Amino acid sequence: MTAVTFSPSSADPHRLGHAHPQGYSDSAAGPAPKRVITGFGFWIFLLTDIVMFSAFFAAYAVLVGETDGGPTGAEIFELPRIALETALLLASSFTCGMAAIAADAGNKRWFYISMAVTAVLGLGFLGLELQEFSELIEHGAGPTRSAFLSAFFTLVGCHGLHVSVGILWLLTMMAQVFAKGFRANIMRRLLCFGLFWHTLDIVWVAVFTIVYLMGTVK
């Protein structure tokens, strides 16, 4: 009888028990880098935040016509001021991206400049929003006046609260970079901050469109 021999390639065509050819190793199939895992986990958190905002948007859509004889959106919204708020927040998203680029390049000077400008733009946005709220309350259009205004103050105020938290987070990140430099764990936190800030811009675009633009048309 003729002996039958099996070559390694025929016995194991997918090379499951052998080293990969051309210098590839099994380590390529190992766990993902911490930066990727951190970013993915933070996206899950942001999705829960978006679900919360979606509920506020749904409540506003249901209650937008429930003015109880009070003012409507077309009567109280000032589009020039809201447009300026939008411009400030969108510009802050650009400077936040510049800060991320500077951090990746290890350039502390431009990182601090970009983050400081982002903070100033964010504070300008909050200042205009607080001015809007104070004027509405002064003229008797506070959150207790009607269901429409309750939904409005809740939705817009929740976004403003998130911006306030973002600015505090921004200042904390600047202090950490100053004290420890661009360490790997600091860079992961900066990644999460950037995702958070850009998400706030996306939510605000929805607020600007659904609440202010559509409210003014009506």
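Residues numbered from 1 in each chain as written. Predicted model: local features only at pLDDT ≥ 70, side-chain atom pairs only at ≥ 80, totals over all residues. Heavy atoms only, no water.

Considering the overall build of the chain
Looking only at helices and strands, the chain has seven helices and zero strands in total. In the chain, the order of α-helices and β-strands from amino to carboxyl end is α-α-α-α-α-α-α. Residues counted as buried form 38% of the 218 residues belonging to the chain. In the chain, of all internal contacts separated by at least 6 residues, the share reaching a separation of at least 24 is 81%. (Helix = DSSP H or I, 4+ residues; strand = E, 2+ residues; numbered from the N terminus. Buried < 20%, exposed > 50% of the residue type's maximum accessible area, 1.4 Å probe, protein only. Contact = heavy atoms within 4.5 Å.)

So, the environment of alanine 99
Inspection of the secondary structure puts alanine 99 in helix H4 (residues 79-105). Sequence spacing of alanine 99 and tryptophan 110 is eleven residues, and the spatial spacing of their C-alpha atoms is 6.9 Å.

Observations regarding the packing of aromatic side chains
Taken as a whole and assessed by the stated rule, the structure comprises 15 aromatic pairs. Centroid distance phenylalanine 133 to phenylalanine 152: 6.1 Å. Interplanar angle 75 degrees. Geometry classified as edge-to-face. Placement of phenylalanine 133 in helix H5 (residues 108-138) and of phenylalanine 152 in helix H6 (residues 147-180) is noted, with a sequence separation of 19 residues between them. Summarising the burial analysis for this pair, phenylalanine 133 and phenylalanine 152 share the class buried. Here the aromatic residues Tyr60, Phe77, Phe125, Phe133, Phe148, Phe152, Phe153, Trp204 and Tyr212 are joined through ring pairs into a cluster of three or more. (Phe/Tyr/Trp six-rings, centres within 6.5 Å; stacked < 30°, edge-to-face > 60°.)

Observations concerning H4
A rise of 1.5 Å per residue sets the reference length of H4, with its 27 residues, at 39 Å; its end C-alpha atoms lie 39 Å apart and thus fit the reference within 8%. Phi turns positive, to about 75 degrees, at glycine 106, one or two residues after H4. (Expected span 1.5 Å × (residues − 1).)

A word on the side chain of arginine 81
Take arginine 81: it is sitting in helix H4. Arginine 81 sits in the buried class, given a relative accessible area of 12%. Separated by 3.5 Å, the side chains of arginine 81 and glutamine 131 make a polar contact. (Polar contact = N/O pair within 3.5 Å; in protein donor to acceptor, adjacent residues only side chain to side chain.)

Topic: the packing of H6 against helix H7 (residues 184-217)
Direction vectors running N to C along H6 and H7 enclose 160 degrees, while the axes themselves pass 10 Å from each other. Between H6 and H7, the crossing angle belongs to the class labelled roughly antiparallel. Helix-helix and strand crossings are classified by hand; for H6 and H7 the assignment is left-handed. Per-class residue counts for the contact of H6 with H7 are 21 nonpolar, four polar and one charged. (Axes fitted to C-alpha atoms, helices over the stretch in contact; angles between N-to-C directions. Parallel < 35°, antiparallel > 145°, perpendicular 65-115°, else oblique. Left-handed = near helix turned anticlockwise from the far one by under 90°. Nonpolar A, V, L, I, M, F, W, Y, C, P; charged D, E, K, R; others polar.)

A closer look at H7
The end-to-end C-alpha distance of H7 is 49 Å, a good match for the 50 Å that 34 residues give at a rise of 1.5 Å each. At phenylalanine 208, H7 is deflected by roughly 25 degrees, the largest bend along its length. (Bend = angle between axes of the 7 residues up to and from the residue.)

Quick word on the environment of cysteine 96
Within the element layout of this structure, cysteine 96 appears in helix H4. Residue cysteine 96 is classed as buried on the basis of its relative accessible area of 3%. Not counting chain neighbours up to four residues away, the residues in contact with cysteine 96 comprise Thr118, Phe193, Gly194, Trp197 and His198.

Some words on the nonpolar core
Counting 50 residues, the largest nonpolar core has Met115, Phe152, Leu190, Trp204, Val207 and Tyr212 as its most contacted members. Listing elements by their share of this core, those giving two or more residues are helix H2 (34-63), H4, H5, H6 and H7. No other element matches H7, which puts 15 residues into this core. Discounting chain neighbours no more than four positions away, the residues touching valine 207 are Phe57, Leu155, Val156 and Tyr212. (Core = buried A, V, L, I, M, F, W, Y, C linked by side-chain atoms within 4.5 Å.)

Focus on the confidence of the model for the chain
Summarising the model, the chain shows a mean pLDDT of 84, and 84% of its residues fall at 70 or more. Summarising per-element confidence for the chain, the mean pLDDT is lowest in helix H1 (residues 8-11) (49) and highest in H5 (95). Note on residues 12-28: pLDDT is under 50 here. Beyond four places in sequence and across chains, it has seven contacts. (pLDDT = per-residue confidence, 0-100.)

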